[in-house]
Amino acid sequence: MLQLFLLKRLQQTLFMTLISVPVLGFDNSDKTPSGVQVLTEELVLMKGEALWLQLPCPASRCEACLENQPLNLFPSPLNNENQSMALIATPLDGESCYTLKVRKKGRDWQDYILTTEEPDYPEEALSVNPDMVKPPEQALERIQRERKEIASALNTTTQGMIAGAMQLPVPLQKITSPFGIRRLYNGTVKSRHTGVDLRAAEGTPVQAPQRGIVRMAQNNWYTGGHLILDHGLGITTSYFHLSELLVNPGDEVKAGQLIAKTGATGRVTGPHLHWGVHIQGVPVNPLKFVEDLNAFFLNRN
Ligand SMILES: [Zn+2]
């Protein structure tokens, strides 16, 4: 039911006007977009979702830390010079409570409590090639190296590049596996699903959902043909199991540009596109993220 609802909402909103505006939400609307929370003493974040936090000072004069890690601040989408925004995500297996510190530069830090809640993610059992559950000895070094390369590609410091609504990378037919689901591979290995699986026949063209820079384009053991796009502000999108990679690391891509073709490479049960969104390396539900991001652009009128 929820999936159907989401599908409908997405179909209504996703493919509307692509608006060309300066980077991430310089918006003249006086409405607060959905997904945005104003800074208050008690903040609540659903694990696996991004929190768009509105701060009461401009990005140039404001500082914020989550558990002592500095947060990227960017201009308010409401075009209010006295406000800025921070994009926050916490891991699926993270804590239930975090300390957020905010201050105007030169002033004392103020503490805020960020409480996290976890939706009831379901479980699924999958059968895959045994090498994808217990890899052979000679693959272990490669797997370790790729893990580090992926973590490094997701950890970006690029300025914001998103200049309009975000589209899905392939036409939405069916969500074959939702975000956050608990998986059991071949009855032994447990993992969490850090993206969403979109039905796509082998060879379906994959389009960049927004402007970005290619940070990874290679074949990995578990993820197969793997692309990572960096959209700035710590936002990356990931594409697994591709049959063809049509861009190279360092390339800048435009929204809608053909970047790859879908396939069934890596740990899969059949062809599909695994699509992920990370905020500073933390996976979030891509469909919810797109819905919230697009609210910035669609609420303009
Ligand atoms: Zn997947």
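Residues numbered from 1 in each chain as written. Predicted model: local features only at pLDDT ≥ 70, side-chain atom pairs only at ≥ 80, totals over all residues. Heavy atoms only, no water.

Student: Tell me about the coordination of the zinc ion, and name the residues and values.
Tutor: Looking at the metal site, the zinc ion is ligated by His-193 (NE2), Asp-197 (OD) and His-274 (ND1), spaced 2.0 to 2.1 Å from it. Coordination of the zinc ion draws on donor residues from a single chain, spaced H-x3-D-x76-H in sequence. There is no split in this pair, since His-193 and Asp-197 are both buried. (Donors = N, O, S within 2.8 Å, 3.2 Å for Na, K, Ca; no water. Buried < 20%, exposed > 50% of the residue type's maximum accessible area, 1.4 Å probe, protein only.)

Student: How would you summarise empty space enclosed by the protein if you had to cite specific residues and measurements?
Tutor: Any space left empty among the atoms is revealed by the rolling of a water-sized probe across them. Under the counting rule described, the total for this entry stands at two cavities of 30 Å³ or more. Lining the largest cavity are Leu-71, Asn-72, Phe-74, Leu-87, Leu-233, Ile-279 and Gln-280. Here the residues of the lining of the largest cavity sort into five nonpolar, two polar and no charged. Residues lining the lining of the largest cavity come from more than one domain, with at least three contributed by each of domain 1 (31-118) and domain 2 (123-290). Along the walls of the second largest cavity sit Gly-48, Glu-49, Ala-50, Trp-52, Val-284, Asn-285, Lys-288, Phe-289 and Asp-292, which together make up its complete lining. Top contributing element to the lining of the second largest cavity by residue count: helix H3 (residues 286-298), with three residues. Classifying every residue of the lining of the second largest cavity by side-chain character gives four nonpolar, two polar and three charged. Each of two domains, domain 1 (31-118) and domain 2 (123-290), supplies a minimum of three residues to the lining of the second largest cavity. (1 Å grid on protein atoms, 1.4 Å probe; cavity = no way out; pocket = protein on both sides within 12 Å on 5 of 7 lines; lining within 4 Å. Points joined across faces, edges and corners; volume = space filled by probe spheres on them. Nonpolar A, V, L, I, M, F, W, Y, C, P; charged D, E, K, R; others polar. Domains from an automatic or database assignment. Helix = DSSP H or I, 4+ residues; strand = E, 2+ residues; numbered from the N terminus.)

Student: I'd like a description of the packing of aromatic side chains, backed by residues and values.
Tutor: Following the criterion strictly, the structure yields two aromatic pairs and no others. A centroid spacing of 5.6 Å and a plane angle of 25° characterise the contact between Trp-52 and Phe-289, whose relative ring orientation is stacked. Placement of Trp-52 in strand E3 (residues 51-55) and of Phe-289 in helix H3 is noted, with a sequence separation of 237 residues between them. The pair Trp-52 / Phe-289 is uniform in exposure class, with both members buried. Over the ring of Tyr-185 we find Arg-267, and its NZ or CZ is 3.9 Å from the ring centre. (Phe/Tyr/Trp six-rings, centres within 6.5 Å; stacked < 30°, edge-to-face > 60°. Lys NZ or Arg CZ within 6 Å of the ring centre and 35° of its normal.)

Student: Can you tell me about the sheet that holds strand E6 (residues 73-75), naming the residues and giving the values?
Tutor: Backbone hydrogen bonds hold the strands of a sheet together, and the pairing may be parallel or antiparallel. Spatial strand order, E1-E3-E7-E6: four strands in an open sheet with mixed pairing. On the outer flanks of this sheet lie strand E1 (36-38) and E6, each paired with one strand and no other. Shown here is a sheet whose adjacent strand axes are inclined to one another by a mean of 35°, direction ignored. (Pairing = 2+ DSSP bridges. Axes fitted to C-alpha atoms, helices over the stretch in contact; angles between N-to-C directions.)

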